[in-house]
Amino acid sequence: LLGAEFAGLRQQHDELVAQKTASHLLSALREMRFATKDGLQLEVRASFGVASYPEDGQSVHEVIRAADTMMYLVKGSTRDNVAVAGHGIVNHQSL
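## Overview of a nonpolar patch on the surface
- Taken together, Met32, Phe34, Leu40 and Leu42 make up a surface patch of nonpolar side chains, about 340 Å² in accessible area.
- Inspection of the secondary structure puts Leu40 in the loop between α1 (15-31) and β1 (48-50).
- According to the relative accessible area criterion, Leu40 is partly exposed, its value standing at 42%.

Structure, rendered in structure tokens:
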């Protein structure tokens, strides 16, 4: 229903580490349930876009734009997944 966007930056990590981090966060969110004391089973889903410097942009704005484009690729297709600049949607469970 509601949506929020967050940016996470990691220094000196390669693209595979970023993919694995996004995948780990996605798996953790899928397992969480909220408001269970109130008899509800609220779930959180997320769409992750991953981009790296300098492979996907030469400035902060270019890298963020590349990650944002990947996030919207996920939101517009499978949702609740990870997409990586230059690779597209990845099977997060294989990471």
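Now, onward.
## With respect to the pattern of salt bridges
- The full count for this structure, using the stated rule, is 4 salt bridges.
- Measuring nitrogen to oxygen at the nearest pair gives 3.3 Å for the salt bridge that ties Arg33 to Glu43. With Arg33 in the loop between α1 and β1 and Glu43 in the loop between α1 and β1, the pair connects residues that are 10 residues apart, well separated along the chain.
- Classification of Glu43 by relative accessible area gives partly exposed; the value is 42%.
- Across the pair Asp80 and Arg45 runs a salt bridge whose closest N-O atoms are separated by 3.6 Å. Placement of the pair is Asp80 in the loop between α2 (60-75) and β2 (82-84) and Arg45 in the loop between α1 and β1, with a sequence separation of 35 residues.
- Residue Arg45 is classed as partly exposed on the basis of its relative accessible area of 41%.
- One continuous salt-bridge network, built from bridges that share partners, spans Arg30, Arg33, Glu43, Arg45 and Asp80.

## With respect to α2
- With 16 residues, α2 extends 22 Å between its outermost C-alpha atoms, agreeing within 8% with the 22 Å of an ideal straight helix rising 1.5 Å per residue.
- The complete set of buried residues in α2 reads Val63, Ala66, Ala67, Met70, Met71 and Val74. Within α2, the buried residues cover an arc of 135° as seen down the axis, which keeps them to one side. The exposed residues of α2 that point more than 90 degrees off its buried face are His61 and Arg65.
- Elements in contact with the buried residues of α2: β1, β2 and β3 (88-90).

## Points about the sheet that holds β2
- Pairing within the open sheet is mixed, and its 3 strands lie in the order β1-β2-β3. On the outer flanks of this sheet lie β1 and β3, each paired with one strand and no other. Taking the axes of each pair of neighbouring strands and ignoring which way they run, one obtains an average angle of 35° across the sheet.
- With 3 bridges joining them, β1 and β2 adopt parallel strand pairing. Considered in β2, the bridge of Val50 is made with Val84.
- Sitting on the sheet, α1 touches β1, β2 and β3, and the angle it makes with β1 is about 170°.
- Docked against the sheet, α2 engages β1, β2 and β3, running at close to 145° with respect to β1.

About the thresholds
Residues numbered from 1 in each chain as written. Predicted model: local features only at pLDDT ≥ 70, side-chain atom pairs only at ≥ 80, totals over all residues. Heavy atoms only, no water. Patch = residues over 30% accessible without salt bridge, like charges linked within 9 Å, V, L, I, M, F, W, Y side chains within 5 Å. Areas by Shrake-Rupley, 256 points an atom, 1.4 Å probe, with all protein chains shown as cover. Salt bridge = Lys/Arg side-chain N within 4 Å of Asp/Glu carboxyl O. Helix = DSSP H or I, 4+ residues; strand = E, 2+ residues; numbered from the N terminus. Buried < 20%, exposed > 50% of the residue type's maximum accessible area, 1.4 Å probe, protein only. Expected span 1.5 Å × (residues − 1). Arc of directions from axis to C-beta. Contact = heavy atoms within 4.5 Å. Pairing = 2+ DSSP bridges. Axes fitted to C-alpha atoms, helices over the stretch in contact; angles between N-to-C directions.

Nothing here speaks to function; it is all geometry.
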